[in-house]
Amino acid sequence: MRDRSGRLVAVAAAAATISLSVLVSSATPAAAAGESHPFPTHVTYKTGVMPSASAADRDAAVKKQYDSWKKAYLRSACGGYLVYATGDAPNKGTVSEAQGYGMNIVPLMAGYDTNAKAEFDGLWKVVQDHRDSQGMMMWKLDGSSCKYADSGTPDAATDGDLDVGYGLILADKQWGGYTAAAKDWLAKFYAADVAPDGHLKCEDDGPNTDTRPSDFMLDHLRAFAAYDTAHDWNKVVTRTEAVIQEFTAKYSATANLLSDFVVSANTTSPKPAPADYQESQPDNIVGYNSVRVPWHMGTDALVYGSSVAKSVATKESASYKAKAGGNPAKIYPHTKLDGTPTNTGDQCECANDPVGVAAMAAGDQAWTDSLWNFLATNPYGDTYYGETIKMLVYIVMAGDYWTPAS
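Residues numbered from 1 in each chain as written. Predicted model: local features only at pLDDT ≥ 70, side-chain atom pairs only at ≥ 80, totals over all residues. Heavy atoms only, no water.

So, about the nonpolar core. Counting residues in hydrophobic clusters, the biggest one holds 117 residues, and the most contacted among them are Phe120, Leu168, Leu221, Trp233, Met297 and Tyr384. Leaving out residues up to four positions away in the same chain, tryptophan 233 has contacts with Leu186, Phe189, Tyr190, Val194, Leu221, Phe224, Ala225 and Asp228. (Core = buried A, V, L, I, M, F, W, Y, C linked by side-chain atoms within 4.5 Å. Buried < 20%, exposed > 50% of the residue type's maximum accessible area, 1.4 Å probe, protein only. Contact = heavy atoms within 4.5 Å.)

This part is about the side chain of threonine 403. By the secondary structure assignment, threonine 403 is in the segment after helix 14 (384-397). A distance of 2.8 Å separates a polar atom in the side chain of threonine 403 from a polar atom in the side chain of tyrosine 304. (Helix = DSSP H or I, 4+ residues; strand = E, 2+ residues; numbered from the N terminus. Polar contact = N/O pair within 3.5 Å; in protein donor to acceptor, adjacent residues only side chain to side chain.)

Turning our attention to the packing of aromatic side chains. Across all of its chains, the model carries 15 aromatic pairs by this definition. Ring geometry for phenylalanine 120 versus tyrosine 178: centroids 5.4 Å apart, planes at 85°, classification edge-to-face. Note that phenylalanine 120 is positioned in helix 5 (residues 116-129) and tyrosine 178 in the loop between helix 6 (158-174) and helix 7 (179-193), a separation of 58 residues in sequence. We note that phenylalanine 120, like tyrosine 178, is buried. Grouping aromatic residues by their ring pairs yields a cluster made of Phe39, Tyr66, Trp69 and Tyr112. (Phe/Tyr/Trp six-rings, centres within 6.5 Å; stacked < 30°, edge-to-face > 60°.)

Once that is clear, we can look at the environment of tryptophan 367. The topology assignment puts tryptophan 367 in helix 13 (residues 365-375). Discounting chain neighbours no more than four positions away, the residues touching tryptophan 367 are Ser317, Tyr320, Lys321, Gly326, Asn327, Pro328, Ile331, Val355 and Ala359.

In this section: the environment of aspartate 59. The residue aspartate 59 is located in helix 3 (residues 55-73) in this model. Residue class for aspartate 59 comes out buried when judged on its relative accessible area of 6%. Aspartate 59 has contacts with Phe39, Pro40, His42 and Asp400, leaving out every residue within four places of it along the chain.

Structural data, given as structure tokens:
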């Protein structure tokens, strides 16, 4: 089992279907680079509010974050490109989660980044060259030897697998030429990471009984369903939504928070995993995994108008706002399922930023604006994890998150 305890140490140290609006970017660089959706591709979301900042200011903030992110974390290595996962892999290495994030970010920033296609191909090459026995990316790589960097037989993590698949579809819609690769990846993913009842497993060699809510990327699954009709992705969407509703009804009816890991996911009574189920942080509450849930629920609500995701995002946003007194700086990574923080001495922007997407979906203008403004800061000295989540949150909050299913 993978353990993110290294991330906790690093953070603690640092802390001591959708309609598109008219494209507003210049057509000239887009035509030259061959992008179908050059940044900025302004999107009219299905629900919610936008930050009060102008579209131009929002786009500028995204570009600034991208320039910073790319300089710090996108590196040429191992015959292609790696996303340097600070604290998570040795010798400036990467994890599949990071590689997947990169394969989402780069196509979305194409048109602004004139080298985006080459960078995407480099990221994809590293994935292709480091597959486990089921065809998914080995979850951790040494950045120097370029070999698997964990003990035991190489395995894969579902979140990285999801983002790699989504990235391939984005690339196919952006530039073309990735259809065969994307469909092959999705077929292997479905075989490896989807349990018989349709819920998402935590890893490709894991049991069919557990799941990880931070993998509940419903917008990805809906895009898969539109793109790959050979597999029953709607079954995965339906079961994922059912797990969310069954879990929150019993354990977090007001806040709708989801614990880092969930067991008995193959039953109608999913429940929090034991405290030390997979990682060294409490797995039965919100931690460094499930801090991402507001972002994923909010995104699905915004781009697809999903009622389940909108309800969860609205309740989570309200809970975080109430517990923080409306102050984004008082959102903490470790939170009980009733919304009460458990460790106010540990902070990470990875916990604050995702709530901004939920606030948008909830339609809370003032809270959205507060969280948008907070994005411009990095008060806790976050590195790869927080800054990469911020990058993706920025794209969504700026209104530049187009879906390949559109």
